[in-house]
Amino acid sequence: MKKTAIVIGTGIAGLATILRLLQKGYRVKAFESNDYVGGKITSFHNKGYRWDMGPSLFTMPQYVNELFELFGENPKDHFNYTRKKVLCNYFWEDGTTLSAKSDPSLFVNEVSQTFNVDPMIIAEYLKKSKLKYDLTAPIFLEKSLHRWATYFSFATLKALFNSVHLNLFESLNHHQPTKIKTQETDPVF
Ligand SMILES: Cc1cc2nc3c(=O)[nH]c(=O)nc-3n(C[C@H](O)[C@H](O)[C@H](O)COP(=O)(O)OP(=O)(O)OC[C@H]3O[C@@H](n4cnc5c(N)ncnc54)[C@H](O)[C@@H]3O)c2cc1C
C-alpha cells in the first residue's frame, strides 16, 4: 500500500512538494487554509486594475520546468514564456523611475544614469552578487539542508572556503555600494 504524505500549504513550495512526492509514489493529502491554491501567487481586482499580491517577476523558471520533466513532460507543451527586454519598471515617490533591463550591460547603464553612479561600481556589485549566488545556490536551492551529505559536499566546502566573499555578518543595506543614493521608501511598483 502506498504511504501517505501530508503537505500543509499549497503555495508554490507546497505544490512543488506535492508533485515530487507523487512522483516518488506517495499518496498525498494537502491542507490549505485559503480557498485557493498558489499562496502568495495570487492577485485581486480593484477599479479595473489587476494587482499582484506577491510575485510579479518570474524568477528561476528552470525549477518549474523541472516539475514537468519529473513526469516525462515537455514543459513547453504546457508552459511557455519569453524573456522580456524590460523586466519591470520602478517608480519612486520623488519622481525617480528606473526601467530594469534584462540585458546586464543595459541595466548597468540605466542604474548608473538614474542614480549618477560610476557604472564600474554597479558592474562590480552585480559581479559580487553573482559570485554569492553561485556559491550558495547549489547548497540552499539545489540540496536539502536536512541531509548530512549536504554539509559534507564539495559545494559546501567551496562556499566555506570562499566565505570571505559572502558578507555573512553584514546586512544587505550595509553592504550596498555607498555611492548609490539610498531611498527612504521602497520603490512603488
Ligand atoms: C509582495 C511580494 C512580492 C514578491 N515578488 C516576487 C517576485 O517578483 N519574484 C519572485 O520570484 N518572488 C517574489 N516574491 C516571493 C514569492 O512570492 C514567495 O517566495 C513564494 O510565493 C512563497 O511560496 P511558498 O509556497 O513558500 O509560500 P506561500 O505562497 O506563502 O504559501 C504558503 C501557503 O500555506 C498556507 N498555509 C499556511 N499555514 C497553513 C496552515 N496552518 N494550514 C493550512 N494552510 C496553511 C497559506 O495559506 C499559503 O497558501 C514576492 C513576495 C511578496 C510578498
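Once a new chain begins, its residue numbering starts again from 1 and follows that chain's sequence as written. Since the coordinates come from a predicted model, pLDDT governs what is reported: local features require at least 70, and pairs of side-chain atoms require 80 or more to be given and counted, while whole-chain, interface and lining totals use all residues.

### Description of the domain arrangement of the protein
Here is step 1: Examined at the domain level, the protein breaks down into domain 1 (1–81) and domain 2 (83–189).
Here is step 2: What counts as a domain boundary in this text is fixed by an automatic or database domain assignment. Inter-centroid distance (C-alpha atoms) of domain 1 to domain 2 is 26 Å.

### A closer look at the site of the ligand
Here is step 1: Being near a molecule or strand means, for a residue, that its C-beta atom, positioned from the backbone, comes within 6 Å of it. Taken together, 19 residues sit near the ligand, with Gly-9, Gly-11, Ala-13, Gly-39 and Pro-55 positioned nearest.
Here is step 2: Note that Gly is not counted as nonpolar here; it falls among the polar residues with everything else outside the nonpolar set of Ala, Val, Leu, Ile, Met, Phe, Trp, Tyr, Cys and Pro and the charged set of Asp, Glu, Lys and Arg. Of the residues belonging to the shell around the ligand, the class tally is seven nonpolar, 10 polar and two charged.

### Considerations on the packing of helix α3 (residues 104–115) against helix α4 (residues 119–140)
Here is step 1: Angles here are taken between N-to-C directions and fall from 0 to 180 degrees, while the axes themselves are lines fitted to C-alpha atoms, restricted in helices to the stretch in contact. Secondary structure elements are defined from DSSP: runs of H or I of at least 4 residues count as helices, runs of E of at least 2 residues count as strands, and each element is numbered from the N terminus. At their nearest, the axes of α3 and α4 sit 9 Å apart, and the two run at 130° to each other. The pairing of α3 with α4 is recorded here as oblique in orientation. Handedness of the α3/α4 crossing: right-handed. On α4, the residues that touch Pro-104, Val-108, Asn-109, Val-111 and Ser-112 of α3 are Pro-119, Ile-122, Ala-123 and Leu-126.
Here is step 2: For the contact of α3 with α4, the per-class residue count stands at seven nonpolar, two polar and no charged. Angular relationships are summarised with four words: roughly parallel below 35 degrees, roughly antiparallel beyond 145, roughly perpendicular across 65 to 115, and oblique for the angles in between. Here a crossing is called left-handed whenever its near helix is offset anticlockwise from the far helix by less than a right angle, and right-handed whenever the offset is clockwise. Here the contact rule is simple: place C-beta atoms from the backbone, and any two residues whose C-beta atoms are within 7 Å are in contact.

### Focus on the pairing of strand β5 (residues 86–91)
Here is step 1: Only strands joined by at least two bridges in the DSSP assignment are considered to pair. Relative to strand β6 (residues 97–101), β5 is paired through five bridges, and the arrangement is antiparallel. By the bridge assignment, Cys-88 is partnered in β6 with Ala-100.
Here is step 2: Adjacent in sequence and paired antiparallel, β5 and β6 are bridged by five residues, among which Gly-95 carries a positive phi angle near 100°.

### Some thoughts on the environment of Met-60
Here is step 1: Here Met-60 shows up in the loop between β4 (49–52) and α2 (61–70).
Here is step 2: Every C-beta atom is placed from the backbone, and the number of other C-beta atoms within 10 Å of a residue's own sets its class: buried at 20 or more, exposed at 12 or fewer, partly exposed in between. According to the C-beta neighbour criterion, Met-60 is exposed, with 10 such atoms within 10 Å.
Here is step 3: Taking the C-alpha atoms as reference, Met-60 lies 24 Å from Asn-109; in sequence the two are 49 residues apart.

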